[in-house]
Amino acid sequence: MTVERVDVAIVGAGPCGLAAAIACGRQGLRTVVLERDCLVSGIASYPVDMTFFSTAERLSIGDVPFVVSSAKPTRRDALAYYRAVTRHFALDVRQFTTVHDLVRGERGWRLHAESRAHGSQPIDAAHVIVATGYFGRPNRLGVPGETLPHVSHRFTEGHAGFDQDVVVVGGANSAVDAALELHRAGARVTLVHFEATLDPKVKPWVRPDIEARLREGAIRGVFEARVTAIAPDHVTVTTPRGSERIAATQVHTMLGYLPESGLLAQAGVPIDADTGVPAHDPATMATPVPGLFLAGVLASGFDANRTFIENGRHHGELIAAAITTRTAAR
């Protein structure tokens, strides 16, 4: 089997992975981006009508203007923008290609990748950038019934909730967006949250809407509540007032995600048990393992609110500069 050789292999085609590919390409490095799903799959999984908190300018990469007609870009705007940037720079992005492991060799890394269409694709890379993000490892409740087919850890649109009893678990932006969209689509929505109030970071232009719907009872709010079991037609919760069954033929657990740091751990990168932050130099994004870098939200560990597209998009420039400096020194 022929082994492909590149200067840089990037695992993950989110905005930060794409930005890193652009930066490496500008340094003359032959670069390939391997993505197990579609381009910017994390954004693709957002609710259909979602609006970003950030402005378009702060989501742009590669010095390519991100122009929209409104103050805040939508999910649809972002998908179109990142497709255009990928085409503009002719990035070698291989979608639906999973990297199963990284093996350190004498001249760099061997990546064992498997393409949905073409099968096994071994690649040798002098350097590897892991930009796998968060969205493949949702936080779970760990309760009986969580794997039932009507339970989802993602939400895209509310249409399927029409005339259904739906429970949304969570109190931050994802849960609030889902609850509102389901309500507008004609679902009977109950929002279950373990805190006494909504998360303080709920988007300011969304908060008045959700608070009004809760106040008037259009969306029922059950606070200081923890889900203890899920059945095909109901959810059981415990609260300071006792146990309660809530009718539900659909359940959306919107509890955030954990960093996908498995490849880093497999390659021997130390990961702090308390923070989840992989060991790395913030000035270069280099890990202690030679030739291995990280980019994007992985640098935040368990605290996803530390790194966003708007600051993670610059990691690629740090990495590309570090690679070219080291190469020149050698």
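Here the structure is a predicted model, which means the values were calculated and not measured. (Residues numbered from 1 in each chain as written. Predicted model: local features only at pLDDT ≥ 70, side-chain atom pairs only at ≥ 80, totals over all residues. Heavy atoms only, no water.)

Peer 1: I'd love a proper account of the overall build of the protein, names of residues and values included.
Peer 2: When helices and strands are counted, the protein shows eight helices and 15 strands. Against the compact-globule benchmark of 20 Å for 330 residues, the protein has a radius of gyration of 22 Å, which places it among compact chains. For the C-alpha atoms alone, the extent of the protein along its principal axes is close to 65 × 45 × 35 Å. Out of the 330 residues in the protein, the part that is buried amounts to 51%. Expressed as a percentage of contacts within the protein between residues at least 6 apart in sequence, the contacts between residues at least 24 apart total 62%. With an accessible surface of roughly 15800 Å², the protein has 51% of that area assigned to carbon and sulfur atoms. With 33 positive and 34 negative side-chain charges, the protein shows a separation of 3 Å between the mean positions of the two kinds. (Helix = DSSP H or I, 4+ residues; strand = E, 2+ residues; numbered from the N terminus. Rg over C-alpha atoms; globule rule 2.2 N^0.38 Å. Buried < 20%, exposed > 50% of the residue type's maximum accessible area, 1.4 Å probe, protein only. Contact = heavy atoms within 4.5 Å. Areas by Shrake-Rupley, 256 points an atom, 1.4 Å probe, with all protein chains shown as cover. Lys, Arg positive; Asp, Glu negative; His and termini not counted. Charge placed at Lys NZ, Arg CZ, Asp CG, Glu CD.)

Peer 1: I'd love a proper account of the layout of surface pockets, names of residues and values included.
Peer 2: As a volume, the second largest pocket reaches approximately 250 Å³. Its residues assigned to classes, the lining of the second largest pocket shows four nonpolar, two polar and five charged. (1 Å grid on protein atoms, 1.4 Å probe; cavity = no way out; pocket = protein on both sides within 12 Å on 5 of 7 lines; lining within 4 Å. Points joined across faces, edges and corners; volume = space filled by probe spheres on them. Nonpolar A, V, L, I, M, F, W, Y, C, P; charged D, E, K, R; others polar.)

Peer 1: Help me get a handle on the environment of Leu292, residues and values and all.
Peer 2: Locating Leu292 in the fold gives a position in strand β15 (residues 292-294). Given the relative accessible area of 1%, Leu292 is considered buried. Excluding its chain neighbours within four sequence positions, the residues that come into contact with Leu292 are Leu102, Trp109, Val128, Val130, Leu264, Ala267, Val269, Ala286 and Thr287.

Peer 1: Report on the pairing of strand β10 (residues 220-223), specifying residues and quantitative values.
Peer 2: Of the strand pairs in this sheet, strand β9 (residues 188-193) and β10 are connected by four bridges, and their pairing is parallel. Note that in β10 the partner of Leu191 across the bridge is Gly221. (Pairing = 2+ DSSP bridges.)

Peer 1: Describe unusual backbone geometry, with residues and values.
Peer 2: Phi at Asp63 is positive, roughly 60 degrees, even though this residue is not glycine. Relative to the assigned elements, Asp63 resides in the loop between α2 (41-44) and α3 (75-88). Judged by relative accessible area, which is 70%, Asp63 ranks as exposed. Phi angles above zero are rare outside glycine, and Asp163 is one such case at about 60 degrees. As for its placement among the helices and strands, Asp163 is situated in the loop between β7 (151-152) and β8 (165-169).

Peer 1: I'd like a description of the sheet that holds strand β14 (residues 250-253), backed by residues and values.
Peer 2: With parallel pairing, five strands are arranged side by side in an open sheet as β7-β14-β8-β9-β10. Edge positions in the sheet fall to β7 and β10, since each has one partner strand and no second. Relative to β14, β7 is paired through two bridges, and the arrangement is parallel. Within the sheet, the bridge partner assigned to Val151 lies in β14 and is Val251. Its contacts with the sheet place helix α4 (residues 173-184) against β8, β9 and β14, and it is angled at close to 165 degrees to β8. (Axes fitted to C-alpha atoms, helices over the stretch in contact; angles between N-to-C directions.)

Peer 1: Let's hear about the sheet that holds strand β13 (residues 242-247): which residues, and what values?
Peer 2: Overall, antiparallel pairing links the three strands, which are arranged β11-β12-β13 in an open sheet. Bordering the open sheet on either side are β11 (226-230) and β13, each of which pairs with just one other strand. The mean angle between the axes of side-by-side strands here comes to 30 degrees, regardless of whether they run parallel or antiparallel. In this sheet, strand β12 (residues 234-239) lies alongside β11 in antiparallel orientation, the contact comprising four bridges. Counted as the bridge partner of Val227 is Val237 from β12.

Peer 1: Account for the nonpolar core, naming residues and giving values.
Peer 2: Of all hydrophobic cores here, the largest spans 64 residues; its most connected members are Tyr82, Leu102, Leu111 and Leu292. Considering every element that reaches this core, the biggest residue donor is helix α1 (residues 15-26), with seven residues. In this view, Leu102 contacts Trp109, Arg110, Leu111, Val128, Val130, Leu263, Gln266, Ala267 and Leu292; residues no more than four positions away in its chain are not counted. If you look at the next biggest cluster of nonpolar residues, it comprises 20 residues, including Val189, Leu191, Leu198 and Ile210. (Core = buried A, V, L, I, M, F, W, Y, C linked by side-chain atoms within 4.5 Å.)

Peer 1: Account for the pattern of salt bridges, with residues named and values stated.
Peer 2: Tallied over the entire structure, the rule returns 16 salt bridges. As a salt-bridge pair, Asp124 and Arg5 come within 4.0 Å of each other at their nearest N and O atoms. Of this pair, Asp124 sits in strand β6 (residues 119-130) while Arg5 sits in strand β1 (residues 4-11), and the two are 119 residues apart along the sequence. For Asp124, a relative accessible area of 18% gives the class buried. A residue is classified by how much of its surface remains accessible, and Arg5, at 56% relative accessible area, is exposed. (Salt bridge = Lys/Arg side-chain N within 4 Å of Asp/Glu carboxyl O.)

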